[in-house]
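Survey of secondary and tertiary structure
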Amino acid sequence: MDIQVTDTSEEITTTSEAIQKSGSILLEHEDIQKDYINACISREKDFPTGLVLSNGMCIAMPHGKSALVKKDAISVVRLKNSTADFGRMDDKAKGIQVSLVFNLALTSGNKHLKVLRKLMSVFQNEEFMNQFAKADIEDAQKEFESVMNDNG
Amino acid sequence: MKKILVVCGNGIASSSIMQSVLQDWLNEHNYDATVDKASLMDCDANKYNSYDLVVSSTKIETSGVTTPIIVGAGLITGIGEDQIYDEVEKVVK
């Protein structure tokens, strides 16, 4: 599982800019085919993935078809100087201001369920999420990698 | 046996999470029910109506659906999951 946590100081304000950013990192690491980025963006229009977590934090988990994924990966982008407008998964008419983007790239198969369950427990762990949002980038990378690769 | 359908945008991430969480809950509470998943784009009223309950990541605006529909995004965030399980329980018990 390829895990990349990146900070950006760019003024990213739209769903499309946010996914361009997170997706470009997946592309650099050869996790995806180029079209995956646009697939994620266009999917967001119909079925947005923005979520408000229990600590009030707004995140999004854009993803697309497995056919365009080369290897399992998550590219997390922390927006430092702006928030990006995403639709809410449970009600696409409502927008939220996202500061953390979890761009998923998952090949098909059973392994991906395990990854998703872990990700869900991360999202529900307020302490971890608070810490993760403000930790130094090296620590954030290390901590997220360790919780996602934990086989327990 | 009751049949539950879990749906999300493309049947990849959100529905997989909801399906797995829901199946665990049903097993834990000894309810005998099957949980299938699908993409919203592949579903019409007939498909929904062939199930006893639909759990969707988002609002469903398809007309002619008589099966109860629950918005289940809370199974991912943990927010309001008790209400979701209450609704599920009404159908499966």
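Values in this document were obtained by computation on a predicted structure and should not be read as measured data.

Thresholds applied
Residues numbered from 1 in each chain as written. Chains lettered and ligands numbered in written order. Predicted model: local features only at pLDDT ≥ 70, side-chain atom pairs only at ≥ 80, totals over all residues. Heavy atoms only, no water. Helix = DSSP H or I, 4+ residues; strand = E, 2+ residues; numbered from the N terminus. Rg over C-alpha atoms; globule rule 2.2 N^0.38 Å. Buried < 20%, exposed > 50% of the residue type's maximum accessible area, 1.4 Å probe, protein only. Contact = heavy atoms within 4.5 Å. Areas by Shrake-Rupley, 256 points an atom, 1.4 Å probe, with all protein chains shown as cover. Lys, Arg positive; Asp, Glu negative; His and termini not counted. Charge placed at Lys NZ, Arg CZ, Asp CG, Glu CD. Polar contact = N/O pair within 3.5 Å; in protein donor to acceptor, adjacent residues only side chain to side chain.

Moving on: the overall build of chain B. Within chain B one finds four helices and four strands. In chain B, the succession of helices and strands from N to C terminus is β-α-β-α-β-β-α-α. The C-alpha atoms of chain B give 12 Å as radius of gyration, which agrees with the globular expectation for 93 residues (12 Å, within 12%). The C-alpha extent of chain B, read off along each of the three principal axes, is 30 × 25 × 20 Å. The buried share of chain B, taken over its 93 residues, is 54%. By sequence separation, contacts in chain B at least 24 residues apart represent 54% of the contacts at least 6 residues apart. When the accessible area of chain B is evaluated, it comes to approximately 4200 Å², of which 42% is carbon and sulfur surface. Taken as two groups, the 7 positive and 13 negative side-chain charges of chain B have centres that lie 5 Å from each other.

A few words on the side chain of B:T77. Residue placement: B:T77 occurs in helix α3 (residues 74–77). Engagement of the side chain of B:T77 in a polar contact is seen with the backbone nitrogen of B:I79, the distance being 3.2 Å. Sequence-distant contacts of B:T77, that is, excluding residues within four places in its chain, are made with A:L51, A:V52, A:L53 and A:Q124.

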